[in-house]
Amino acid sequence: MIVLGIETSCDETAAALVNDKREILSNIVLSQIADHAPYGGVVPEIAARAHLDHLDRLIAEALEQAGVGLSELSGVAAAAGPGLIGGVIVGVMTAKAIALARNLPFIAVNHLEGHALTARLTNDVEWPFLLLLVSGGHCQLLLVEGVGSYRRLGTTIDDAVGEAFDKAAKLIGLGYPGGANLERAALTAQNPGRFELPRPMLGRPGCDFSFSGLKTAVRRCLEPLAKPLSDQDGADLAAAFQTAVGDALADRTARALAMAETLAPACRTLVVAGGVAANKSVRARLDSLATRHGWRFVAPPVALCTDNAAMIAWAGLERLRLGLTDALDFAPRPRWPLDATAPKARGAGVKA
Ligand code: KG4
Ligand code: ZN
């Protein structure tokens, strides 16, 4: 089985091929960072047009690199949401066109399920597992019981953690996109204990997250500092921020481990996924937490944590194996929760 995956839900245009032996035959990611950098964030209309400009060529390259013809495909999968709808439509329409022309099954993949199942592509991970999904748009703890089967244990009540990284990086003047830049700056800190930042939600019942207070606290730390900010001030503040985020993630995840042990006693694997899972200090914190609790810890390789199409192809393949294909009138979804039954998060800054 070979599946073509297409990812266009945010600011990466990507195409990849994976097979049912868990081999990534090709994996091409074209970042639009340069297109959006002048605006300090992703501009949806620019993103959609850039996907349209490049996607056909990337798909041809992915097939060529893999040495696979369209006739050898078993199915075509596209991220069909959640995400910036203009871009999602580009990817879904392209996948549907190939599926129709070649009489192949079409698989509408939830972008979040792509992140969620990546660990099953890269490691031997069985159901159930506990997933910490940390990306630019989401911060959730989920019990994953099978393909399409998710129980949300906690979520953010305001900002996503990647969004918090990006906003803190912008405040510190580290540019866009912020997460990786902030991690790099934190490595050069000389006095990481110099700034005191809050640990939002620490010790609270449940395992919801909150990050907007942290961003405000970073702004407050910056006020008395000389401008332009010295590299050292920036690095120390970046390190303080990263430590505070690590504490918050570890505290909330520890609670989720306990919840998972009750809900699904067979669950002994903690998986982290999404762009923020690329962060080495976050990975190290979660690794030691899991080890302390006698759990296994799995984090996909860094390049498969940030958005890519191999994860979409793999999630598509997992669905295809179960006969979970979609009709060609499937409508792209700007919002698409993994656990549609989860109660709405409550908090001051909750987004719809
Ligand atoms: O999963 P992803 O590529 O896209 C979404 O689905 O949102 O995640 C992007 C997010 C951005 O907020 C970015 O700043 C963050 O992941 N990120 C990082 C790192 N690399 C990417 N955050 C912290 N440390 C990193 N090394
Ligand atoms: Zn993502």
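Caption draft 1: Seen up close, the overall build of the protein. Counting its regular elements, the protein contains ten helices and ten strands. Against the globule reference of 20 Å for 352 residues, the protein gives a C-alpha radius of gyration of 20 Å, in line with a compact fold. Across the 352 residues in the protein, those meeting the buried criterion constitute 55%. The contacts in the protein between residues at least 6 apart in sequence include a share of 74% that link residues at least 24 apart. Of the roughly 14700 Å² of accessible surface on the protein, 53% is carried by carbon and sulfur atoms. For the protein, the distance from the average position of its 34 positive side-chain charges to the average position of its 36 negative side-chain charges is 6 Å.

Caption draft 2: Region of the structure containing the site of ligand 1. Surveying the vicinity of ligand 1 reveals 18 residues, the closest of which are Gly-136, Asp-166, Glu-183, Gly-275 and Asp-307. In this structure, an oxygen atom belonging to ligand 1 sits 3.5 Å away from a main-chain N or O atom of Gly-137. Take Asp-166: an N or O atom from its side chain is 2.6 Å from an oxygen atom of ligand 1. For ligand 1, whose unbound accessible area comes to 550 Å², protein coverage reaches 86%. Elements with a minimum of two residues in the shell around ligand 1: helix H4 (111-122), helix H5 (161-172) and helix H6 (178-186). Of the residues contributing to the shell around ligand 1, the split by class is four nonpolar, eleven polar and three charged. Counting the residues that make up the shell around ligand 1, at least three belong to each of domain 1 (2-116 + 303-320) and domain 2 (127-300).

Caption draft 3: Geometry of the coordination of the zinc ion (ligand 2). Protein-derived coordination of the zinc ion (ligand 2) comes from His-111 (NE2), His-115 (NE2) and Asp-307 (OD), at a distance range of 2.0 to 2.1 Å. Along the chain, the residues donating to the zinc ion (ligand 2) are arranged with the sequence spacing H-x3-H-x191-D. Residue His-111 and its partner His-115 are located together in helix H4, separated by four residues, close to a single helical turn. Accessibility classification places His-111 together with His-115 in one group, the buried group.

Caption draft 4: View of the side chain of Arg-252. Relative to the helices and strands, Arg-252 is located in helix H8 (residues 231-263). A relative accessible area of 1% places Arg-252 in the buried class. Within the structure, the side chain of Arg-252 is placed 3.0 Å from the backbone oxygen of Asp-208, a separation counted as a polar contact. Excluding anything up to four places from it in sequence, Arg-252 contacts Leu-141, Met-201, Gly-203, Arg-204, Pro-205, Gly-206, Cys-207, Asp-208 and Phe-209.

Caption draft 5: Seen up close, the nonpolar core. Counting 55 residues, the largest nonpolar core has Leu-130, Val-134, Leu-197, Phe-211, Phe-241 and Leu-249 as its most contacted members. Tallying contributions element by element places H8 first for this core, with twelve residues. If we ignore the near neighbours within four places in the chain, the residues touching Leu-197 are Leu-214, Ala-217, Val-218, Cys-221, Ala-240, Phe-241 and Ala-244. Counting residues in each nonpolar core, the second largest holds 35 residues, with Leu-121, Tyr-150, Ala-310 and Leu-317 among its members.

Caption draft 6: Representation of the sheet that holds strand E5 (residues 106-109) in the model. Pairing is mixed across the open sheet formed by five strands, whose spatial order is E3-E2-E1-E4-E5. Looking along the sheet, the strands with just one partner apiece sit at the ends: strand E3 (24-31) and E5. Across this sheet, the average inter-strand angle for adjacent strands is 15 degrees, counted without regard to direction. Relative to E5, strand E4 (residues 75-79) runs parallel, the two sharing four bridges. Following the sheet pairing, Ala-77 is matched in E5 by Ile-107. Contacting strand E1 (2-7), strand E2 (12-19) and E3, helix H2 (residues 44-66) crosses the sheet at an angle of about 25 degrees to E2.

Caption draft 7: How the structure looks around the pairing of E5. Residues Phe-106 and Ala-108 of E5 are buried on one face, and the alternating residues Ile-107 and Val-109, pointing to the opposite face, are buried as well. One crossover worth recording links E4 to the parallel E5 by way of helix H3 (residues 85-102), and it is right-handed.

Caption draft 8: Fine view of the packing of aromatic side chains. Under the criterion given, the structure shown has four aromatic pairs. A ring pair is formed by Trp-127 and Phe-129, whose centres lie 6.0 Å apart and whose planes are at 15 degrees; its orientation type is stacked. Residue Trp-127 is classed as partly exposed on the basis of its relative accessible area of 28%. Since its relative accessible area comes to 0%, Phe-129 is described here as buried. The interplanar angle of 40 degrees and the centroid separation of 5.7 Å between the aromatic rings of Phe-330 and Trp-336 together place this pair among those described as tilted. An identical accessibility class is assigned to Phe-330 and Trp-336; each is buried. It is Arg-120 that lies over the ring of Trp-127; its NZ or CZ is 3.8 Å from the centre. A cation over an aromatic ring shows up here: Arg-333 above the ring of Trp-336, its NZ or CZ 4.5 Å from the ring centre.

About the thresholds
Residues numbered from 1 in each chain as written. Chains lettered and ligands numbered in written order. Predicted model: local features only at pLDDT ≥ 70, side-chain atom pairs only at ≥ 80, totals over all residues. Heavy atoms only, no water. Helix = DSSP H or I, 4+ residues; strand = E, 2+ residues; numbered from the N terminus. Rg over C-alpha atoms; globule rule 2.2 N^0.38 Å. Buried < 20%, exposed > 50% of the residue type's maximum accessible area, 1.4 Å probe, protein only. Contact = heavy atoms within 4.5 Å. Areas by Shrake-Rupley, 256 points an atom, 1.4 Å probe, with all protein chains shown as cover. Lys, Arg positive; Asp, Glu negative; His and termini not counted. Charge placed at Lys NZ, Arg CZ, Asp CG, Glu CD. Near = heavy atom within 4 Å. Polar contact = N/O pair within 3.5 Å; in protein donor to acceptor, adjacent residues only side chain to side chain. Nonpolar A, V, L, I, M, F, W, Y, C, P; charged D, E, K, R; others polar. Domains from an automatic or database assignment. Donors = N, O, S within 2.8 Å, 3.2 Å for Na, K, Ca; no water. Core = buried A, V, L, I, M, F, W, Y, C linked by side-chain atoms within 4.5 Å. Pairing = 2+ DSSP bridges. Axes fitted to C-alpha atoms, helices over the stretch in contact; angles between N-to-C directions. Right-handed = clockwise from strand over helix to strand, strands pointing away. Phe/Tyr/Trp six-rings, centres within 6.5 Å; stacked < 30°, edge-to-face > 60°. Lys NZ or Arg CZ within 6 Å of the ring centre and 35° of its normal.

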